[in-house]
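Structural characterization, general
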Amino acid sequence: MSKTAVTLYDFPAKTGLEGWDSFSPFVLQVSRALRFAGLAFTPVFARKTKLKELNPVGQLPVVAFGDEKVADSTRIMRRIEEMKPGVFTKDLDAAGQSESWLWEEFADTALYPFVLTARWADDRGWPIPREHFFGGLPPVIRTLVGNTVRRGTIKKLVERDFLRNGLDACYARMATTLDHLDQRAPADGFWLGPNVTAADIGLFAQLQSLRIPLVAHSAEAVAKRTKLSAYLDRVDAATRSARS
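Quick look at the structure, then. Computed from a predicted structure; not experimentally measured. Counting starts from 1 at the beginning of each chain's written sequence and moves along it residue by residue. Since the coordinates come from a predicted model, pLDDT governs what is reported: local features require at least 70, and pairs of side-chain atoms require 80 or more to be given and counted, while whole-chain, interface and lining totals use all residues. No hydrogens and no water enter the side-chain calculation; it runs on all heavy atoms of the structure.

**Brief notes about helix 1 (residues 25–37)**
Starting at the N terminus, helices and strands are each numbered in turn, a helix being any DSSP run of H or I of at least four residues and a strand any DSSP run of E of at least two. In this analysis, the expected span of each helix is defined as 1.5 Å times one less than the number of residues it contains. Relative to the 18 Å expected for 13 residues at 1.5 Å per residue, helix 1 spans 18 Å between its end C-alpha atoms, a close match to the ideal helical length. Burial classification: accessible surface area is computed with a 1.4 Å probe over protein chains only, and a residue below 20% of its type maximum counts as buried, one above 50% as exposed, and the rest as partly exposed. Taken across its 13 residues, helix 1 has 12 buried, putting it largely inside the fold. Along helix 1, the residues classified as buried are Pro25, Phe26, Val27, Leu28, Gln29, Val30, Ser31, Arg32, Ala33, Leu34, Phe36 and Ala37. Should any heavy atoms of two residues lie within 4.5 Å, those residues are counted as being in contact. The elements touched by buried residues of helix 1 are strand 1 (6–10), strand 3 (62–65), helix 3 (73–83), helix 4 (94–121), helix 8 (198–210) and helix 10 (226–239). Positive backbone phi, approximately 75°, marks Gly38, located one or two places after helix 1.

Here's what the structure looks like:
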């Protein structure tokens, strides 16, 4: 299995920033998971019109392990764990392993909407996806498609109750969540002990996406939480390079 070719499919937009492998928190999560597990991979930018050929629901990330295609960041990490037993749960007992995956799920469901809000619903962040995702389209089509996707994203955030009471209320909720995480962040080591686990990679991917310098207002919100920021720096350093 170690010689199996591994391909990570990502969206065509590139951040151009070291430490932010993708605009997608979920692709970033998988990229760091693969690196941490010591699995060499080839990144491939997938055409938006071809996404359903990779995944019937049209979403990324997708990782091809040889001829086996696996979609969804959590499922991909579970597959990596099957290939590298214990890589994301080292030295954890059964309860600790469950907690690790619960934190990973928390990050996916509770933090990702804040990433979307900061980039798509906030006028300060909207120029980033507008430029990087739609900038290559002809001007008229760019405006039409970009605004349509933006409205659809905002609608979903309202339906999920993140934007139902407006942007200020959403950011107040985000501030409380970041404060709680800052209080919980370990002074050293990682979320559940001395080893990187699924919890760290899941939390890192979403919070690192919030602190991308291109979206200054969300980056500043994370930077104010010094314990949390120091913890994220440790995860960043531990997952940037493939392990031997």
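**Let's talk about a nonpolar patch on the surface**
To count toward a patch, a residue needs a relative accessible area above 30% and no salt bridge. Like charges then connect within 9 Å, nonpolar side chains (Val, Leu, Ile, Met, Phe, Trp, Tyr) within 5 Å. Note on areas: Shrake-Rupley with a 1.4 Å probe; residue coverage comes only from the protein chains shown. Any carboxyl oxygen of Asp or Glu within 4 Å of a side-chain nitrogen of Lys or Arg constitutes a salt bridge here. Side chains of Leu137, Ile141, Leu144, Val145 and Val149 sit close together on the surface and give an oily, nonpolar patch of about 360 Å² of accessible area. Along the polypeptide, Leu137 turns up in the loop between helix 5 (127–134) and helix 6 (139–159). Relative accessible area serves as the criterion here: at 31%, Leu137 is assigned to the partly exposed category.

**Notes on the layout of surface pockets**
The calculated volume of the largest pocket comes to roughly 1,200 Å³. Here a cavity denotes a set of grid points, spaced 1 Å apart and computed over the protein atoms alone, in which a 1.4 Å probe fits but from which it cannot get out, and a pocket denotes an open set meeting protein on both sides within 12 Å along at least five of seven lines; residues with an atom within 4 Å of a point are reported as lining. In terms of lining residues, the largest pocket is bounded by 32 residues, among which Phe11, Gln59, Leu60, Tyr112 and Leu116 are the most central. Residue classes in the lining of the largest pocket are distributed as 17 nonpolar, eight polar and seven charged. Grid points are joined across faces, edges and corners, and a volume is the space filled by probe spheres set on the points. Charged residues are taken to be Asp, Glu, Lys and Arg, nonpolar residues to be Ala, Val, Leu, Ile, Met, Phe, Trp, Tyr, Cys and Pro, and polar residues to be all remaining types, Gly included.

**Some thoughts on unusual backbone geometry**
Most peptide bonds take the trans form, and the phi angle of most residues other than glycine is negative. Of note, the bond from Leu60 into Pro61 is cis; its omega dihedral lies within 30 degrees of zero at 15°. Within the secondary structure layout, Pro61 lies in the loop between helix 2 (51–54) and strand 3. For Asp72, which is not a glycine, the phi torsion comes out positive at approximately 85°. For Asp72, the location among the structural elements is in the loop between strand 4 (68–71) and helix 3.

**With respect to the packing of aromatic side chains**
Planes of paired rings set the category: under 30 degrees apart is stacked, over 60 is edge-to-face and the rest tilted, where pairs are Phe, Tyr or Trp rings (Trp by its six-membered ring) whose centres lie within 6.5 Å. Summed over the entire model, instances satisfying the criterion amount to 11 aromatic pairs. Measuring from ring centre to ring centre gives 5.8 Å for Trp120 and Phe133, while their planes differ by 40°; the resulting arrangement is tilted. In this pair, Trp120 sits in helix 4 while Phe133 sits in helix 5, placing the two residues 13 residues apart along the sequence. With 5.0 Å between their ring centres and 50° between their planes, Trp191 and Tyr231 make a pair best called tilted. Remark: Tyr231 occurs in helix 10 and Trp191 occurs in the loop between helix 7 (167–184) and helix 8; sequence separation between them is 40 residues. Here Trp191 matches Tyr231 in class, with each residue buried.

**Thoughts on the nonpolar core**
Only buried Ala, Val, Leu, Ile, Met, Phe, Trp, Tyr and Cys residues count toward a nonpolar core, and they belong to the same one when joined by side-chain atoms within 4.5 Å. Grouped together as the largest cluster of nonpolar side chains are 62 residues, with contacts concentrated most on Leu34, Phe65, Ile80, Phe88, Trp191, Leu207 and Leu228. Tallying contributions element by element places helix 4 first for this core, with 10 residues. What Trp191 contacts, discounting residues up to four positions off in sequence, is Trp103, Leu181, Arg184, Ala185, Pro186, Ala199, Asp200, Leu203, Leu228 and Tyr231. Membership of the second largest hydrophobic core comes to eight residues, among which are Ala46, Leu51, Ala64 and Ala71.

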